[in-house]
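Structural description and commentary
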Amino acid sequence: MNKCLICEAEYQSFVDFGEMPIANAFAKKEDLVDEYKFPMKMGFCKSCKMVQLAEQPERERMFHENYAFFSSTSNYMKEHFKKFANSVCELQELNERSFVLEIGSNDGIMMQNFVNRNIPCLGIEPSKNVAKVAREKGIEVLTEFFDLKLAENIITKYQKADAILSANVMCHIPYMHSIYDGVKALLKDNGVFIFEDPYLGEVIEKTSFDQIYDEHVFLFSALSVSHLASMHGLELIDTEFQITHGGSMRYTLAHKGAKKVSNNVITRIKNEMELGLHTPEAYSNFSDNVDKIRDDLISLLIELKNKGKRVVAYGATSKSTTVANYFGITPDLVECIYDTTPIKQNKLSPGAHIPVLPYDQFRQSDPDYVLLFAWNHATEIMKKEKEYMANNKHWITYIPKVEVS
Ligand code: SAH
Ligand code: TYD
């Protein structure tokens, strides 16, 4: 039994991946002594509806000066965050006297849009290397972890915020009560807190189990977010589905009673209850569904190997660490992973030790099959590689089921 990070009730795990490494710990061979691992299990708390990791490595092991995830590697995501920022400008009627804060601003992919519009803003980003890239774009960044204490310092040194934004960060942070207390203190009376994260409903429906890795301590739903908000005098006032990261949800929160609650919050929660996300039954087949994908993919990779076919992978995603390690995909089944991120290149993938090579070498490699680890960017990537892949090469995808195209 585990104790819920939100309401402290006891809950049970519904999927157990065994020992897993840090998803973004790409390393040189010589630095791979005593690779850190932790037991990775996910559970559902019946009491407050939160889906969560039973254990998470300490934050400094994941977020530091060599953090490997740079947000701006995807052109689609650049466009996504431009639209996100524009929608906040409209919603809150932002101007030169407003103040916007982003928690987990990474390389400035979202904040650069506020800087371009002369709207005062501040990024909070503890991973120093990605924060440096944002600063080079003219964005002011505090290289610290956001929590209540930092929120109080920001109020003293800056001002309260018209909008607090965060994308793919809230689900990384176990100390949610300190975050929500900080947000509550920092928001102006008519301010909004808008964040988006991979959506629980999609993970369950698609069996996108690879959204579960060390950094993702929570998988949120409107049910769990509205409960958490109500514990802190905040209120969920809107939800909006996003196709990013394989299916995400954008949640808008405000001070309780300050703004009208959109009808779609009620509809979303109703829909989640119809899916049964508030009951343990929704999670009972998840583990078996993951194992079916594992058996199908491993059988396919072994069959291809026996036929002398060459398989490489595309996108050294955090998600692929769960796939490769839980499935047992080693370099004898998948030769290497091609990726555009310099810090990951010419290193070995965490745990499975598959070499990561610069994307520039992909087209000369001439594989027969390409395993798409970055499946969430399928539209962007498949479009980019269409001509090359037309030459008798095949994609392998595995969410929601194993397919060759
Ligand atoms: N918002 C970006 C980055 C997501 S990656 C995007 O959607 O692409 C998650 C980021 O959150 C990392 O850059 C990490 O350093 C940062 N982070 C983790 N814990 C944090 C905390 N407590 N406060 C602020 N940022 C945090
Ligand atoms: P992503 O799926 O965004 O993240 P996560 O780490 O959260 O699972 O990671 C995308 C990875 O794929 C990143 O390492 C960059 C790489 N990539 C390419 O190599 N080429 C591309 O065209 C795109 C879009 C991504």
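Structure's up top.
Structure report, in brief. Just so we're clear, the structure is a prediction, and the values are computed from it rather than from any experiment. (Residues numbered from 1 in each chain as written. Chains lettered and ligands numbered in written order. Predicted model: local features only at pLDDT ≥ 70, side-chain atom pairs only at ≥ 80, totals over all residues. Heavy atoms only, no water.)

Re the overall build of the protein chain
How we decide: Helix and strand labels come from DSSP, where a helix needs a run of H or I of at least four residues and a strand needs a run of E of at least two; each type is numbered from the N terminus. In this description the radius of gyration comes from C-alpha coordinates, and the expected globular size is given by 2.2 Å times residues to the power 0.38. Only protein chains enter the calculation, and the probe is 1.4 Å; a residue is then buried if its accessible area is under 20% of its type maximum, exposed if over 50%, and partly exposed in between. We call two residues contacting when some pair of their heavy atoms lies within 4.5 Å. Computed with the Shrake-Rupley method and a 1.4 Å probe, the accessible areas treat only the protein chains shown as cover for residues. Positive charges come from Lys and Arg, negative ones from Asp and Glu, while His and the chain ends are left out of the count. To locate a charge, take atom NZ for lysine, CZ for arginine, CG for aspartate or CD for glutamate.
In terms of helices and strands, the protein chain carries 14 helices and 19 strands. Radius of gyration (C-alpha) of the protein chain: 21 Å, near the 22 Å computed for a compact globule of 405 residues. Taken along its principal axes, the extent of the C-alpha atoms in the protein chain is 65 × 50 × 40 Å. In the protein chain, which comprises 405 residues, the proportion classed as buried is 56%. Long-range pairs, those at least 24 residues apart, make up 69% of the contacts in the protein chain between residues at least 6 apart in sequence. Here the protein chain has roughly 17,200 Å² of accessible surface; of this, 48% comes from carbon and sulfur atoms. Within the protein chain, the 55 negative side-chain charges are centred at a point lying 3 Å from the centre of the 45 positive side-chain charges.

Notes on the site of ligand 2
The cut-off we apply is this: Near is defined per residue: the residue qualifies when any heavy atom it owns lies within 4 Å of the molecule or strand. Any pair of nitrogen or oxygen atoms within 3.5 Å is treated as a polar contact; in protein, a donor-acceptor pairing is required on top of that, and neighbouring residues in sequence qualify only through side-chain atoms on both sides. Put simply, Ala, Val, Leu, Ile, Met, Phe, Trp, Tyr, Cys and Pro go in the nonpolar bin, Asp, Glu, Lys and Arg in the charged bin, and everything else, Gly too, in the polar bin. In this document the domain limits rely on a domain assignment from an automatic tool or a database.
Neighbouring ligand 2 are 19 residues; Ser-318, Lys-319, Asp-339, Lys-344 and Lys-384 lie closest to it. One of the side-chain nitrogen or oxygen atoms of Tyr-213 is found 3.4 Å away from an oxygen atom of ligand 2. Between Lys-319 and ligand 2, the recorded distance is 2.7 Å, taken from a side-chain N or O atom to an oxygen atom. Protein contacts shield 97% of the accessible area of ligand 2, which totals 560 Å² for the unbound molecule. At the level of elements, helix H11 (318-327) and helix H13 (378-384) are the ones that each hand at least two residues to the shell around ligand 2. Residue composition of the shell around ligand 2, grouped by class: six nonpolar, nine polar and four charged. Counting contributing residues per domain, the shell around ligand 2 is built from domain 1 (71-284) and domain 2 (286-404), each supplying no fewer than three.

Some points on the site of ligand 1
The immediate surroundings of ligand 1 are formed by 21 residues, with Ser-71, Glu-125, Ser-127, Ala-167 and Asn-168 found nearest. Contacts to ligand 1 include Ala-167, whose backbone N or O atom sits 2.8 Å from a nitrogen atom. Look at ligand 1: alone it shows 580 Å² of surface, and the protein chains cover 98% of it. Looking at the shell around ligand 1, its residues break down into 13 nonpolar, six polar and two charged.

Let's talk about the layout of surface pockets
Rules: Only protein atoms enter the calculation, which uses a 1 Å grid: trapped sets of points that fit a 1.4 Å probe without letting it out are cavities, open sets showing protein on both sides within 12 Å along at least five of seven lines are pockets, and any residue with an atom within 4 Å of a point is a lining residue. Grid points are joined across faces, edges and corners, and a volume is the space filled by probe spheres set on the points.
Looking at the second largest pocket, its volume works out to about 470 Å³. Lining the second largest pocket are 21 residues, with Asn-24, Ala-25, Phe-26, Ala-27 and Asp-31 positioned closest to its centre. Looking at side-chain class alone, the lining of the second largest pocket contains twelve nonpolar, three polar and six charged residues.

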